[in-house]
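Here is what each chain is made of, one letter per residue.
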Amino acid sequence: MSSETYLQLRAFARLDGFRLGLFWVVSFALFIGYFTYPICGILWFGTILFTPFYVGMRTNSYSEQTEGHHISYGQAYAHSALTVFYASLILAIAQWAYFQYLDNGFLISQYAMVLTNQENKTMMEGMGYTSDMIDEILESLRSLRPIDLTLQMMWSNMVAGLIISITTALYVSFRH
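The shown structure was predicted, so the numbers you read here are calculated from the model rather than taken from an experiment.

A. Structural context of the side chain of Ser63. Checked against the element boundaries, Ser63 lands in helix H2 (residues 39-65). On the accessibility criterion, Ser63 (0% relative accessible area) is buried. At 2.6 Å, the side chain of Ser63 forms a polar contact with the backbone oxygen of Asn60.

B. Representation of a negative patch on the surface. Together, Asp132, Asp135, Glu136 and Glu139 make up a region of like negative charge exposed at the surface. Relative to the assigned elements, Glu136 resides in helix H6 (residues 131-142). Residue classification places Glu136 among the exposed residues on the basis of a relative accessible area of 57%.

C. Fine view of the packing of helix H4 (residues 106-116) against helix H5 (residues 118-126). Running from N to C, H4 and H5 cross one another at 70°; their axes reach a closest spacing of 5 Å. What the angle tells us is that H4 and H5 run roughly perpendicular. Note on element contacts: H5 touches H4 through Gln118, Asn120, Lys121 and Met124, opposite Val114, Leu115 and Thr116. Here the residues of the contact of H4 with H5 are counted per class, giving 3 nonpolar, 3 polar and 1 charged.

Definitions and cut-offs
- Residues numbered from 1 in each chain as written.
- Predicted model: local features only at pLDDT ≥ 70, side-chain atom pairs only at ≥ 80, totals over all residues.
- Heavy atoms only, no water.
- Helix = DSSP H or I, 4+ residues; strand = E, 2+ residues; numbered from the N terminus.
- Buried < 20%, exposed > 50% of the residue type's maximum accessible area, 1.4 Å probe, protein only.
- Polar contact = N/O pair within 3.5 Å; in protein donor to acceptor, adjacent residues only side chain to side chain.
- Patch = residues over 30% accessible without salt bridge, like charges linked within 9 Å, V, L, I, M, F, W, Y side chains within 5 Å.
- Areas by Shrake-Rupley, 256 points an atom, 1.4 Å probe, with all protein chains shown as cover.
- Salt bridge = Lys/Arg side-chain N within 4 Å of Asp/Glu carboxyl O.
- Lys, Arg positive; Asp, Glu negative; His and termini not counted.
- Charge placed at Lys NZ, Arg CZ, Asp CG, Glu CD.
- Axes fitted to C-alpha atoms, helices over the stretch in contact; angles between N-to-C directions.
- Parallel < 35°, antiparallel > 145°, perpendicular 65-115°, else oblique.
- Contact = heavy atoms within 4.5 Å.
- Nonpolar A, V, L, I, M, F, W, Y, C, P; charged D, E, K, R; others polar.

Function cannot be read off these values alone, since they describe shape.
Take a look at the structure:
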């Protein structure tokens, strides 16, 4: 890959990553909204399912901009992975701001309610978790700082993006 091609790939991935990042910010807002409005959960799940298709569409669009309208698997993988990388950075900034300034422990308290719900507690004890272990999990969740939560979610998004990129790159490179 020439340096010009690489610069073009990065430019397209930045733009596509910015768009995907904004989409993920809306998705994250739907996830938070799910705890108050259950309909948001359906919409949030829909955004998760749409993500690989969006990345595939954007990588396909990038391939149509290249010379000969064809890109190799490596180029398609690099575009997909970089798109998700940039989107993860956008989402991480939004998540950090949310956890730092708006959340005030809301998300952790929602998880605590789920874990301490009698039905769920019985189920977890059936899976081998003791009450002390559940309390330790809750305590470790409560001790997380906004940056800790953000970094954990960012790395999860990046790893998922690397996995998604395998299939989207296959689709795009064999399509053309």
